[in-house]
Amino acid sequence: MRLIDSHCHLNYEGLAERQEEVLEAARLRGVEGFLNISTRQREWDDVIGVAERNPDVWATVGVHPHEADAHPDLGAQALIDAASHSNVIAIGECGLDYYYDKSDRQAQRERFQAHIEAARQTGLPLVVHTREAEADTAEMLEGAVREGGVTGVLHCFTGSAELARKGLDLGFYVSLSGIVTFKNAQDLQDTAKWLPADHMLVETDAPFLAPVPHRGQKCEPAFVVDTAAFVAQLRGEEPEALGEATTANFFKLFSKAA
């Protein structure tokens, strides 16, 4: 099966110490590319560095909503400048998280807006994190798309069917992680069955959220194969066909990678 892990954190503890081993294990299972995601400004150079060393790894620049309070001065220009690097293919991860509320909600919205502006000016897609913040996320993305020049992906999707449809209506992609394999994820599994094949991605969010049959382990990019196989079975599709479709979608959305 041919796949891309469209969202992983290769510089996080648990993967960083054995990065080459982790990447090679995934390649042996048919994973042909990896999008290495940044969540804090101080990580940007290291995240880009992995991409510089590996031709099948790309990077993002962004600040996770949990980190909004720690980046009070982050504006669009810093993101735009960092995104000029040839290996940076997206802006994020960014968005809103009202579940943990680790940062002030207004600060989260301000940082998210900076990412939206950077995406518009660079032409790069957004990698959007949203949890328990559907109304505000939808409102901000609607405004962004209305102004033009913004697209992206709702990563590690766990939201409602309504949010998935809203994202699709706005031209965004929906990415499924190992969560879709969990026993208590029936609603998400129902959504996975009807997602349009031309707007779906798969990811690990490694080192988090290892799919069945790896629950309890440190998640690795290789495990995207298990998530893809599960989703294919849900949809009544051949795993190879799902792999080809999601790989094509990745390069369509993240066109700078092509």
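Check the entry above for the structure.
Residues numbered from 1 in each chain as written. Predicted model: local features only at pLDDT ≥ 70, side-chain atom pairs only at ≥ 80, totals over all residues. Heavy atoms only, no water.

Overview of the pattern of salt bridges
Worth spelling out the cut-off: One side-chain nitrogen of Lys or Arg within 4 Å of one carboxyl oxygen of Asp or Glu is enough to make a salt bridge. Secondary structure elements are taken from DSSP: a helix is a run of H or I of four residues or more, a strand is a run of E of two residues or more, and numbering for both begins at the N terminus. Each residue gets one of three labels from its accessible area relative to the maximum for its type: buried under 20%, exposed over 50%, partly exposed in between, using a 1.4 Å probe on protein chains only.
Taken as a whole and assessed by the stated rule, the structure comprises 17 salt bridges. The residue R2 makes a salt bridge to E32 at a minimum N-O spacing of 2.8 Å. Taken as a pair, R2 in the segment before β1 (3–8) and E32 in strand β2 (residues 31–36) lie far apart in primary sequence, 30 residues in all. Taking relative accessible area as the criterion, R2 reaches 30% and is therefore assigned partly exposed.

Considering the environment of A245
When you line up the elements, A245 lands in helix α9 (residues 239–253). In this structure A245 comes out as partly exposed when scored by relative accessible area, which is 25%. For the pair A245 and H155, spaced 90 residues apart in sequence, the C-alpha separation works out to 17 Å.

A word on the packing of aromatic side chains
Stated formally: Planes of paired rings set the category: under 30 degrees apart is stacked, over 60 is edge-to-face and the rest tilted, where pairs are Phe, Tyr or Trp rings (Trp by its six-membered ring) whose centres lie within 6.5 Å. By the criterion adopted, a ring carries a charge over it if an Arg CZ or a Lys NZ lies within 6 Å of its centre and within 35 degrees of its normal.
Under the definition given, this model contains six aromatic pairs. Considering the side-chain rings of Y12 and F208, the 5.7 Å spacing of their centres and the 80 degrees angle between planes classify their relative orientation as edge-to-face. You can see Y12 sitting in the loop between β1 and α1 (19–28) and its partner F208 sitting in the loop between β8 (200–202) and α8 (224–235), a full 196 residues away along the chain. Taking relative accessible area as the criterion, Y12 reaches 16% and is therefore assigned buried. Here F250 and F254 contribute two aromatic rings whose centre-to-centre distance is 4.8 Å and whose plane-to-plane angle is 45 degrees, an arrangement assigned as tilted. Residue F254 is classed as buried on the basis of its relative accessible area, which comes to 0%. Of the aromatic side chains, those joined through ring pairs into one cluster are W58, F250, F251 and F254. Here the basic side chain of K102 rests over the ring of Y100, its NZ or CZ set 5.3 Å away from the ring centre.

Side note on α9
To be explicit about the condition: To estimate how far a helix should reach, multiply one less than its number of residues by 1.5 Å. Note that the arc is defined by the directions from the helix axis to the C-beta atoms.
An ideal rise of 1.5 Å per residue puts 21 Å on 15 residues; α9 measures up with 21 Å between its terminal C-alpha atoms. For α9, every residue scored as buried is listed here: L242, G243, T246, T247, N249, F250 and L253. One side of α9 holds all its buried residues, which, seen down the axis, span an arc of 160 degrees.

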